Amino acid sequence: MSNLYYIHEEFGSDSTAATKAPNDLQKIFQDCKFKPLVTLKKNSKIVRIFDYAFKLLLCLIRIRSNDILMFQFPFATHGNFKNILMKIAQLKSAKMIFLMNDLESLRYNGEKKVLIDKEQYLNSADIIICHNQKMREFLIDNNIDNKKIINLEIFDYLLDNFDKEYRPFDRTVVIAGNLSPQKSAYLTELLKNENRIKFNLYGPNFTSSTKNNDYVSYKGSFSPEKIPFVLEGDFGLVWDGDSILTCSGITGEYLKYNNPHKVSLFIASKMPVIVWKQSALSDFVQENNIGIVVDDLIEMQEIISNMSEEQYVLLKENIERLSEKVRKGFYTSNAIDKSIKLLRKDKN
């Protein structure tokens, strides 16, 4: 029987999802019977060189033919080590699974629908777990074998002992994340308008002078572990760019391909979501009936203003069923299970 390994890293924790997502994945790897091959820490450059050399030697000894190695992609940290480890895995005839956190060629490359140079090593993977069907199609267009690609569907958001008291339906929309004018430029236009619904805002860098008026309430900034317990509202909005009429710019374009971790936060928090109609996750939201998809934020206000409590209760019931799955790591575990079965089937 082949061994299952992953590269354990000490990501730390902060007030954003930057560390929540990779830390959650490592917990799920362990739940799926993957063992740490090595543990990588943040060290000084000199210490790191000796640490890498020792651990690569250890990997060379440990890895056997048909063992399965899990990598988080892209190699955002310890890239040199992982590139050499990848070559060791190939030398030893081990199998490699790449689970995508991001695809930088789409995130930063705008309209250029090609893989950037440092992503070409994707071809070395035996299995790629990508976000969704739209990202899968992009990879296939860039000559990645369709037989090795598995869709994640949605990121998980691990939470223990989560429960929230029922709150009356009052058509409040939650906006969470980096609220700076650079990251959430659309907010300036949205909050200046004559709004028909209320907004609760959570996150760092909120500088608007419209704080705490009749329609806007800024609630503060919280860690990824705490925020699901303090979110107050009926819908979670996932939007990007500088316009309320469309998701614009590079970040808006990226929504056509990626699974924002923010969607997982709202699902874990049992909160129906609002997504852009052109986003990759709009199909997932509609198929599971867990929110609304809109062309713009004016349409959003019209739909929510006219929504009955019965309609909202149905969305709420659906989101609660998905919430339990996301909080327990169902989607990642399912994709990993499919990956392992596919690799072992090919072996036989």
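Residues numbered from 1 in each chain as written. Predicted model: local features only at pLDDT ≥ 70, side-chain atom pairs only at ≥ 80, totals over all residues. Heavy atoms only, no water.

The subject of this paragraph is the overall build of the chain. If you tally the helices and strands in the chain, you get 13 helices and 12 strands. Here the chain has a C-alpha radius of gyration of 21 Å; the compact-globule value for 348 residues is 20 Å, and the two agree. Principal axes of the C-alpha set define a box for the chain whose edges measure 65 × 45 × 45 Å. Taking contacts inside the chain between residues at least 6 apart in sequence as the whole, the part at least 24 apart equals 72%. Total accessible area computed for the chain in this model is approximately 16,400 Å², and 49% of it derives from carbon and sulfur atoms. Once the 47 positive and 44 negative side-chain charges of the chain are each reduced to a mean point, those two points are 8 Å apart. (Helix = DSSP H or I, 4+ residues; strand = E, 2+ residues; numbered from the N terminus. Rg over C-alpha atoms; globule rule 2.2 N^0.38 Å. Contact = heavy atoms within 4.5 Å. Areas by Shrake-Rupley, 256 points an atom, 1.4 Å probe, with all protein chains shown as cover. Lys, Arg positive; Asp, Glu negative; His and termini not counted. Charge placed at Lys NZ, Arg CZ, Asp CG, Glu CD.)

With that settled, consider the sheet that holds strand S10 (residues 235–238). Spatially, six strands are ordered S9-S8-S7-S10-S11-S12 in an open sheet, and the strand pairing comes out parallel. Each edge of the sheet is formed by a strand with only one pairing partner; in this case those strands are strand S9 (216–220) and strand S12 (291–294). The average angle at which neighbouring strand axes cross in this sheet is 25°, direction not considered. Here strand S8 (residues 198–202) runs beside S9; their pairing, made up of four bridges, is parallel. (Pairing = 2+ DSSP bridges. Axes fitted to C-alpha atoms, helices over the stretch in contact; angles between N-to-C directions.)

As for its position among the elements, Asp67 is in the loop between helix H2 (45–62) and strand S3 (68–73). Buried charge Asp67 goes without a salt bridge, the closest partner of opposite sign being Arg64 at 4.2 Å. From its side chain, Asp67 meets the backbone nitrogen of Asn3 in a polar contact 2.9 Å long. With residues near it in sequence (within four places) discarded, Asp67 still touches Ser2, Asn3, Tyr5, Arg62, Ala94 and Lys95. (Buried < 20%, exposed > 50% of the residue type's maximum accessible area, 1.4 Å probe, protein only. Salt bridge = Lys/Arg side-chain N within 4 Å of Asp/Glu carboxyl O. Polar contact = N/O pair within 3.5 Å; in protein donor to acceptor, adjacent residues only side chain to side chain.)

What follows is about helix H9 (residues 261–268). When you tally the buried positions in H9, you get seven out of eight residues, the bulk of the element. When we look at burial in H9, the residues that qualify are His261, Val263, Ser264, Leu265, Phe266, Ile267 and Ala268. One or two positions beyond H9, positive phi appears at Lys270, with a value near 60°.

Glancing now at the side chain of Ser282. Structurally, Ser282 can be placed in helix H10 (residues 282–288). Take Ser282: its relative accessible area is 4%, and that puts it in the buried class. At 3.1 Å, the side chain of Ser282 and the backbone oxygen of Lys277 are in polar contact. Not counting chain neighbours up to four residues away, the residues in contact with Ser282 comprise Val275, Trp276, Lys277 and Val293.

What follows deals with the state of the cysteines. Scanning all chains against the criterion turns up zero disulfides. Considering cysteine sulfurs only, Cys130 is the nearest to Cys32, which forms no disulfide, with 18 Å between them. (Disulfide = S-S within 2.5 Å.)

Moving on to H2. Under the 1.5 Å per step criterion, the end-to-end length of H2 is 25 Å for 18 residues, consistent within 8% with the ideal 26 Å. Listed as buried for H2 are Asp51, Tyr52, Lys55, Leu56 and Cys59. Considered in projection along H2, the buried side chains sweep an arc of 135° and stay on one side of the axis. Exposed positions of H2 whose direction lies more than 90 degrees from the buried face are Ile46, Ile49, Phe50, Phe54 and Ile61. (Expected span 1.5 Å × (residues − 1). Arc of directions from axis to C-beta.)

Looking now at a nonpolar patch on the surface. Among the surface-exposed residues, Leu57, Leu60, Ile61 and Leu91 lie close enough to one another that they form a single nonpolar patch of about 420 Å² accessible area. Note on placement: Leu57 falls in helix H2. In this structure Leu57 comes out as partly exposed when scored by relative accessible area, which is 49%. (Patch = residues over 30% accessible without salt bridge, like charges linked within 9 Å, V, L, I, M, F, W, Y side chains within 5 Å.)

Turning our attention to the sheet that holds strand S1 (residues 4–9). The sheet built from six strands is open, its strands ordered S2-S1-S3-S4-S5-S6 with parallel pairing. Looking along the sheet, the strands with just one partner apiece sit at the ends: strand S2 (35–40) and strand S6 (149–151). Put simply, the sheet's adjacent strands are angled 25° from each other on average, direction ignored. Here S1 runs beside S2; their pairing, made up of five bridges, is parallel. Paired with Glu9 across the two strands is Leu40, which belongs to S2. Where helix H3 (residues 79–91) meets the sheet, it contacts S1, S2, S3 and strand S4 (95–100), and its direction lies at approximately 150° from that of S3.

Take the pattern of salt bridges next. Enumeration according to the criterion identifies 13 salt bridges in this entry. Two residues, Glu104 and Lys118, come together in a salt bridge whose shortest N-O distance is 3.0 Å. A residue pair is termed long-range when its members are at least 10 positions apart, and Glu104 in helix H4 (residues 104–107) and Lys118 in the loop between H4 and strand S5 (127–130) qualify at 14 residues. Owing to a relative accessible area of 18%, Glu104 belongs among the buried residues under this scheme. Here Arg167 and Asp234 are joined by a salt bridge, their closest N and O atoms 2.9 Å apart. You can see Arg167 sitting in the loop between S6 and strand S7 (172–176) and its partner Asp234 sitting in the loop between helix H7 (227–230) and S10, a full 67 residues away along the chain. Relative accessible area serves as the criterion here: at 26%, Arg167 is assigned to the partly exposed category.

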